[in-house]
Amino acid sequence: MATTVSELDRSGAEDEPRSAEPEEDGGNGQAGPIAAAQQHRLAKLPLSRIKALMKADPDVSLASQESVFIIAKATELFVEMIAKDALVYAQQGKRKTLQRKDLDNAIEAIDEFAFLEGTLD
Amino acid sequence: MDGDSTTDTTQLGITGEYMTGGTYVLQTQDDDGDESFNDHEDGNGSKDHFREQDIYLPIANVARIMKNAIPQTGKIAKDAKECVQECVSEFISFITSEASERCHQEKRKTINGEDILFAMSTLGFDMYVEPLKLYLQKFREAMKGEKGITPVTVSEGLGEELTDDSFTGQLPAGLITADGQQQNVMVYTTSYQQIPGIQQIQFS
């Protein structure tokens, strides 16, 4: 399986947090507790990857580990929400399979998802 | 599977276990404040500067969360999963950017939990705030447990770790003094911190 740089690990499993990890050696004092948070199964998403996303924003200098965790949980809620909303459209179409167009419809219909318009081609 | 340099664990300064197991074992360095991460020493920063839109959360995790939201009999098309994957990255950037702005406005450098909650509220995700506060509480409790077993050296630890948690050891309430008389003397000294693995200092 060849992954190009631009394709960065879309299909990664949860225990495969590679590619998009500009991790540094220093400044990892909180790595222990964050690892612990994963171990405690508090977050279903890899906190390190979320941290990488946050750091990709040039305006972001520092973020507490709490903030990374909260975003992780918020993201879970977001995913559930958008899936549920899209499901409505699938059911309208008498389908059991959630499709891309269901998500498009949900994004268009719901105000909170307005920020997503234009990000998907 | 390892095509690019970013998967070189030695370069990233992480152990092999990090890549294989479900647990993240990163080499910790306690010289830093444990509240924030910063970007001083990005050894491979120039090489691995990914744009926000290139970073995604693993699709398996995303798909699993989606499945929670739909009936068991339901299925999710692959392009739908990918779509949500992209939306997620967008969502995180969106929230982070808003939180970061507020932080700057208040002349602070570190984005904290409150900033995120405020950003949620501002951006129309007000309904998340209460559940998130609950999760935050759980997180804090879990972290308290972890902090308690952080090893400290005798010389440094005594200065910094003098919290109430450190004073787990006390002299017994009754002391037998030299003249054989038992006295109820409570001697509360700093030397009796019972930090596991640390040699106790006896002041006589």
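What you see is a predicted model, and the numbers here were worked out from it, not measured in a lab.

### Side note on the nonpolar core
Reasoning step 1: Phe78 of chain A together with Phe91, Met120 and Phe125 of chain B are the most contacted members of the largest nonpolar core, which totals 67 residues.
Reasoning step 2: Elements with a contribution of two residues or more to this core: helix 2 (47–55), helix 3 (65–92) and helix 4 (100–109) of chain A together with helix 3 (59–69), helix 4 (78–105), helix 5 (113–122) and helix 6 (126–148) of chain B.
Reasoning step 3: The dominant element in this core, judged by the number of residues it contributes, is helix 3 of chain A, at 15 residues.
Reasoning step 4: Ignoring any residue separated from it by four or fewer positions in sequence, one finds Phe91 of chain B in contact with Ala74, Thr75, Phe78 and Phe115 of chain A together with Met120, Phe125 and Tyr128 of chain B.

### Brief notes about unusual backbone geometry
Reasoning step 1: Positive phi, close to 55°, is recorded for Lys94 of chain A, a residue that is not glycine.
Reasoning step 2: Tracing the sequence through the fold places Lys94 of chain A in the loop between helix 3 and strand 2 (97–98).
Reasoning step 3: Residue classification places Lys94 of chain A among the exposed positions, given a relative accessible area of 78%.
Reasoning step 4: Its identity as a non-glycine residue notwithstanding, Lys107 of chain B has a phi of 60°, on the positive side.

### Remarks on the pattern of salt bridges
Reasoning step 1: In total, this model carries eleven salt bridges over all chains according to the counting rule given.
Reasoning step 2: The partner of Glu76 of chain A in a salt bridge is Lys44 of chain A, with the nearest N and O atoms 3.6 Å apart. Note that Glu76 of chain A is positioned in helix 3 and Lys44 of chain A in the loop between helix 1 (31–39) and helix 2, a separation of 32 residues in sequence.
Reasoning step 3: Its salt-bridge partner being Glu106 of chain B, residue Arg102 of chain B comes within 3.1 Å of it at the nearest N-O pair.
Reasoning step 4: Residue Arg102 of chain B is classed as partly exposed on the basis of its relative accessible area of 22%.
Reasoning step 5: One continuous salt-bridge network, built from bridges that share partners, spans Arg102, Glu106, Arg108 and Asp115 of chain B.

Cut-offs applied
- Residues numbered from 1 in each chain as written.
- Chains lettered and ligands numbered in written order.
- Predicted model: local features only at pLDDT ≥ 70, side-chain atom pairs only at ≥ 80, totals over all residues.
- Heavy atoms only, no water.
- Core = buried A, V, L, I, M, F, W, Y, C linked by side-chain atoms within 4.5 Å.
- Buried < 20%, exposed > 50% of the residue type's maximum accessible area, 1.4 Å probe, protein only.
- Helix = DSSP H or I, 4+ residues; strand = E, 2+ residues; numbered from the N terminus.
- Contact = heavy atoms within 4.5 Å.
- Salt bridge = Lys/Arg side-chain N within 4 Å of Asp/Glu carboxyl O.

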